[in-house]
2 protein chains.
Amino acid sequence: MPTELRRPERTFTIRQLCTEFKATPRALRFYEDKGLLTPARDGMNRVYSYKDRARLILILRGKRVGLSLQEIREILELYGEHDEAMQQNAHSLKKFKEKIVDLEQQREDIEGAINELRAACDRIEKHLAEKRPDLLPKAADYDQMLRARLDGHGEMVGAK
Amino acid sequence: MPTELRRPERTFTIRQLCTEFKATPRALRFYEDKGLLTPARDGMNRVYSYKDRARLILILRGKRVGLSLQEIREILELYGEHDEAMQQNAHSLKKFKEKIVDLEQQREDIEGAINELRAACDRIEKHLAEKRPDLLPKAADYDQMLRARLDGHGEMVGAK
DNA sequence: TATGCCCTTTACGTCAACGTCAAGACCCGG
DNA sequence: CCGGGTCTTGACGTTGACGTAAAGGGCATA
């Protein structure tokens, strides 16, 4: 069993991907239903490849930036049918460029939203500092939170 | 009627705001239902102030960056109850800081998505240039699109 | 062999964010 | 006084993205 363990051939169960990305089995099956994923099968059971995992990452990120599953599917479809459906691609091109403009707008919006939230936080903190300093959270809390959030994203290979 | 026309006192009908921001009356009433807007009344009719309009802008931008109406409401509520509900504010503070972290993540996501869409566009364009140059859109089209998108955002005061 | 645990499919339920009528008030020009 | 247009309040429908419960298969461990 020498070449058997080569990394790119590693596969994942539905639950492994779910716990890794905090999704639910139902969601992954739903994506499959909608044509965004097409894992292999071992008997009845789904077997996800590295490629499937990569697609899932794209799906989840797409969702985070506000794309619909439909839009995500269109994007994913580009990575496959290189040669066929040329006319389709010409159409996709247009939609993608529109989407880029959308996203650039959205990026601006996010900048603005971040700034406002920061300002709001400052206001609250000043307010609290004056009148109820006891309610101010310890710095450690926030630190803790950041740490927890970052934990979910290390490229871990072995199980916990 | 000298002071009568001072700008900050200008009011808006529901339709004016809708056409200005490409929303629907139903949506504005829905936001009101959910406590995000509370326009004055002239008899039965809603009368939106400059403040209401400002809130609406925040609502719409919040939506674009993926906030739920619920989250938007929480943010808007900060601009009002300055003194009361202090404990509440301490809680909001935490949620806001979380949201900031979220948004920063989302900004990264958007960067990534933009880059991938650009790459995808490049691929398609190269592909088309080689095999079906006839399908390539004229540069003018894209230009047109950009222009249209920018038009919607000038701070216009007079009607069309 | 029984007890779990994880997998499967099918099907109905849910929640947000509106859309879409329906039925009626108000005002305005002809 | 009669449409026509804009406003109002219900109330029900819709769409996307799943949640949840039911009914069953497969494998392992006690």
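What counts as what
Residues numbered from 1 in each chain as written. Chains lettered and ligands numbered in written order. Predicted model: local features only at pLDDT ≥ 70, side-chain atom pairs only at ≥ 80, totals over all residues. Heavy atoms only, no water. Helix = DSSP H or I, 4+ residues; strand = E, 2+ residues; numbered from the N terminus. Buried < 20%, exposed > 50% of the residue type's maximum accessible area, 1.4 Å probe, protein only. Phe/Tyr/Trp six-rings, centres within 6.5 Å; stacked < 30°, edge-to-face > 60°. Lys NZ or Arg CZ within 6 Å of the ring centre and 35° of its normal. Near = heavy atom within 4 Å. Polar contact = N/O pair within 3.5 Å; in protein donor to acceptor, adjacent residues only side chain to side chain. Nonpolar A, V, L, I, M, F, W, Y, C, P; charged D, E, K, R; others polar. Salt bridge = Lys/Arg side-chain N within 4 Å of Asp/Glu carboxyl O. Core = buried A, V, L, I, M, F, W, Y, C linked by side-chain atoms within 4.5 Å. Contact = heavy atoms within 4.5 Å. pLDDT = per-residue confidence, 0-100.

With respect to the overall build of chain A
Line of reasoning, step 1. Within chain A, the regular secondary structure consists of 6 helices and 2 strands.
Line of reasoning, step 2. Counting over 160 residues, chain A shows a buried share of 31%.

Some thoughts on the packing of aromatic side chains
Both the distance between ring centres and the angle between the ring planes are used here to describe each pair of aromatic rings.
Residues and elements named next belong to chain A.
Line of reasoning, step 1. Throughout the structure, instances matching the rule amount to 3 aromatic pairs over all chains.
Line of reasoning, step 2. Consider the rings of Phe-12 and Tyr-50, whose centres lie 5.4 Å apart with planes at 55 degrees: the pair is tilted. One end of the pair, Phe-12, is in the segment before α1 (14-21); the other, Tyr-50, is in helix α3 (residues 50-64), with 38 residues separating them in the sequence.
Line of reasoning, step 3. A residue is classified by how much of its surface remains accessible, and Phe-12, at 6% relative accessible area, is buried.
Line of reasoning, step 4. A cation over an aromatic ring shows up here: Arg-53 above the ring of Tyr-50, its NZ or CZ 5.7 Å from the ring centre.

Details of the protein's contact with DNA strand D
Line of reasoning, step 1. DNA strand D sits among 17 residues. The nearest are A:Thr24, A:Lys63, B:Arg15, B:Arg29 and B:Arg46.
Line of reasoning, step 2. The sugar-phosphate share of atoms of DNA strand D within 4 Å of the protein amounts to 66%.
Line of reasoning, step 3. Within the side chain of A:Arg26, a nitrogen or oxygen atom sits 3.0 Å from a base oxygen of DNA strand D.
Line of reasoning, step 4. At a separation of 2.7 Å, a phosphate oxygen of DNA strand D approaches a polar side-chain atom of B:Arg29.
Line of reasoning, step 5. Listed by contribution, the elements that provide at least two residues to the surface near DNA strand D are α2 (25-33) of chain A together with α1 (14-21), α2 (25-33) and β2 (45-47) of chain B.
Line of reasoning, step 6. Among the elements that make up the surface near DNA strand D, the one with the highest residue count is α2(A) (4 residues).
Line of reasoning, step 7. In terms of residue class, the surface near DNA strand D is built from 6 nonpolar, 4 polar and 7 charged.

Quick notes on the pattern of salt bridges
Line of reasoning, step 1. Summed over the entire model, instances satisfying the criterion amount to 16 salt bridges over all chains.
Line of reasoning, step 2. Linking A:Glu77 and A:Arg73 is a salt bridge whose minimum nitrogen-to-oxygen distance equals 2.3 Å. One end of the pair, A:Glu77, and the other, A:Arg73, are both in helix α4 (residues 69-78), 4 residues apart, so they sit about a helical turn from each other.
Line of reasoning, step 3. On the accessibility criterion, A:Arg73 (24% relative accessible area) is partly exposed.
Line of reasoning, step 4. Residue B:Glu20 is joined to B:Arg53 by a salt bridge in which the shortest nitrogen-to-oxygen separation is 2.7 Å. One end of the pair, B:Glu20, is in helix α1; the other, B:Arg53, is in helix α3 (residues 50-64), and 33 residues separate them in sequence.
Line of reasoning, step 5. The partly exposed category is assigned to B:Glu20, whose relative accessible area is 25%.
Line of reasoning, step 6. Shared partners join several salt bridges into a network, and the residues in it are A:Glu32, A:Arg41 and A:Arg46.

Thoughts on unusual backbone geometry
Residues and elements named next belong to chain A.
Line of reasoning, step 1. Positive phi values are uncommon outside glycine, yet Lys-22 reaches one of about 55 degrees.
Line of reasoning, step 2. Here Lys-22 is to be found in the loop between α1 and α2.
Line of reasoning, step 3. Owing to a relative accessible area of 77%, Lys-22 belongs among the exposed residues under this scheme.

Overview of the nonpolar core
Line of reasoning, step 1. One finds A:Leu28, A:Tyr31, A:Phe96, B:Leu28 and B:Tyr31 to be the most contacted residues of the largest nonpolar core, which totals 65 residues.
Line of reasoning, step 2. Apart from residues no more than four positions distant in its own chain, A:Phe96 is found in contact with A:Glu74, A:Ile75, A:Leu78, B:Leu117, B:Ala120, B:Cys121 and B:Ile124.

Focus on the protein's contact with DNA strand C
Line of reasoning, step 1. Taken together, the neighbourhood of DNA strand C is formed by 16 residues, with A:Arg15, A:Arg29, A:Arg46, B:Thr24 and B:Lys63 sitting nearest.
Line of reasoning, step 2. Taking the atoms of DNA strand C that fall within 4 Å of the protein, sugar and phosphate contribute 69% of them.
Line of reasoning, step 3. One of the side-chain N or O atoms of A:Arg41 is found 3.1 Å from a phosphate oxygen in DNA strand C.
Line of reasoning, step 4. A distance of 3.0 Å is found between a base oxygen of DNA strand C and a side-chain nitrogen or oxygen belonging to B:Arg26.
Line of reasoning, step 5. Those elements that place two or more of their residues in the surface near DNA strand C are α1, α2 and β2 (45-47) of chain A together with α2 of chain B.

Considerations on the confidence of the model for chain A
Line of reasoning, step 1. Put simply, chain A has an average pLDDT of 77, and 71% of its residues get 70 or more.
Line of reasoning, step 2. Note that residues 139-160 of chain A has pLDDT below 50 and, in this model, 12 contacts with residues that lie over four places away or in other chains.

Remarks on the environment of B:Gly62
All names here are of chain B.
Line of reasoning, step 1. Along the chain, the position of Gly-62 falls in helix α3.
Line of reasoning, step 2. Given the relative accessible area of 8%, Gly-62 is considered buried.
Line of reasoning, step 3. Considered as a pair, Gly-62 and Ile-72 are 10 residues apart in the sequence and their alpha carbons are 6.3 Å apart.
Line of reasoning, step 4. The residues contacting Gly-62, other than those within four sequence positions of it, are Leu-67 and Ile-72.

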